[in-house]
Amino acid sequence: MKKQDLTGRRFGQLTVEKQVAPDRWNHVQWQCVCDCGGTKVAQAGDLNLGRVKSCGCMNHLAGEKNPHWKGGKI
């Protein structure tokens, strides 16, 4: 299987910066920068399938809209 170069591609709010060391299961991982300024390391498959779209900042915002959200820090 040919390895994709995801450098410079956008997935949701993430822009891929560079490939980093594989995880302990030898999955290809990419360092991404989020539109909010945060960073996220994600597997190529998760990016391609849309499972990861932000550094986590969107999860925090979704929590604020949830009526059961109690506040708190990221």
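Quick note: structure is the one above.
Quick summary incoming for the structure in this document.

**Concerning the overall build of the chain**
So, point 1. The helix and strand inventory of the chain stands at 2 helices and 4 strands.
So, point 2. When the helices and strands of the chain are placed in sequence order, the string is β-β-β-β-α-α.
So, point 3. In the chain, which comprises 74 residues, the share counted as buried stands at 23%.
So, point 4. For the chain, contacts bridging at least 24 residues in sequence account for 26% of all contacts bridging at least 6.

**Topic: the pairing of strand β2 (residues 14-20)**
So, point 1. Sheet analysis places strand β1 (residues 10-11) next to β2, joined by 2 bridges and oriented antiparallel. Its bridge partner lying in β2, Arg10 is registered against Thr15.
So, point 2. Hairpin connection between β1 and β2: a loop of 2 residues separates the two successive antiparallel strands, and Gly12 in this loop has a positive phi of roughly 65°.
So, point 3. Here β2 runs beside strand β3 (residues 29-34); their pairing, made up of 6 bridges, is antiparallel. Bridge pairing links Lys18 to Gln31 in β3.

**Topic: the side chain of Asp23**
So, point 1. Counting through the fold element by element, Asp23 comes out in the loop between β2 and β3.
So, point 2. Of the buried charged residues, Asp23 lacks a salt bridge, with Arg24 as the closest side chain of opposite charge at 7.2 Å.
So, point 3. Only 3.0 Å separates the side chain of Asp23 from the backbone nitrogen of Trp25, close enough to count as a polar contact.
So, point 4. Apart from the residues lying within four places of it in its own chain, the contact partners of Asp23 are Gln29 and Gln43.

**A closer look at the environment of Gln31**
So, point 1. Looking at the element boundaries, Gln31 is found in strand β3.
So, point 2. Between the C-alpha atom of Gln31 and that of Lys18, which follows or precedes it by 13 residues, the distance is 5.5 Å.
So, point 3. The contact partners of Gln31, leaving out residues within four places of it in the chain, are Thr15, Val16, Glu17, Lys18, Val20, Lys40 and Val41.

Conventions adopted
- Residues numbered from 1 in each chain as written.
- Predicted model: local features only at pLDDT ≥ 70, side-chain atom pairs only at ≥ 80, totals over all residues.
- Heavy atoms only, no water.
- Helix = DSSP H or I, 4+ residues; strand = E, 2+ residues; numbered from the N terminus.
- Buried < 20%, exposed > 50% of the residue type's maximum accessible area, 1.4 Å probe, protein only.
- Contact = heavy atoms within 4.5 Å.
- Pairing = 2+ DSSP bridges.
- Lys, Arg positive; Asp, Glu negative; His and termini not counted.
- Salt bridge = Lys/Arg side-chain N within 4 Å of Asp/Glu carboxyl O.
- Polar contact = N/O pair within 3.5 Å; in protein donor to acceptor, adjacent residues only side chain to side chain.

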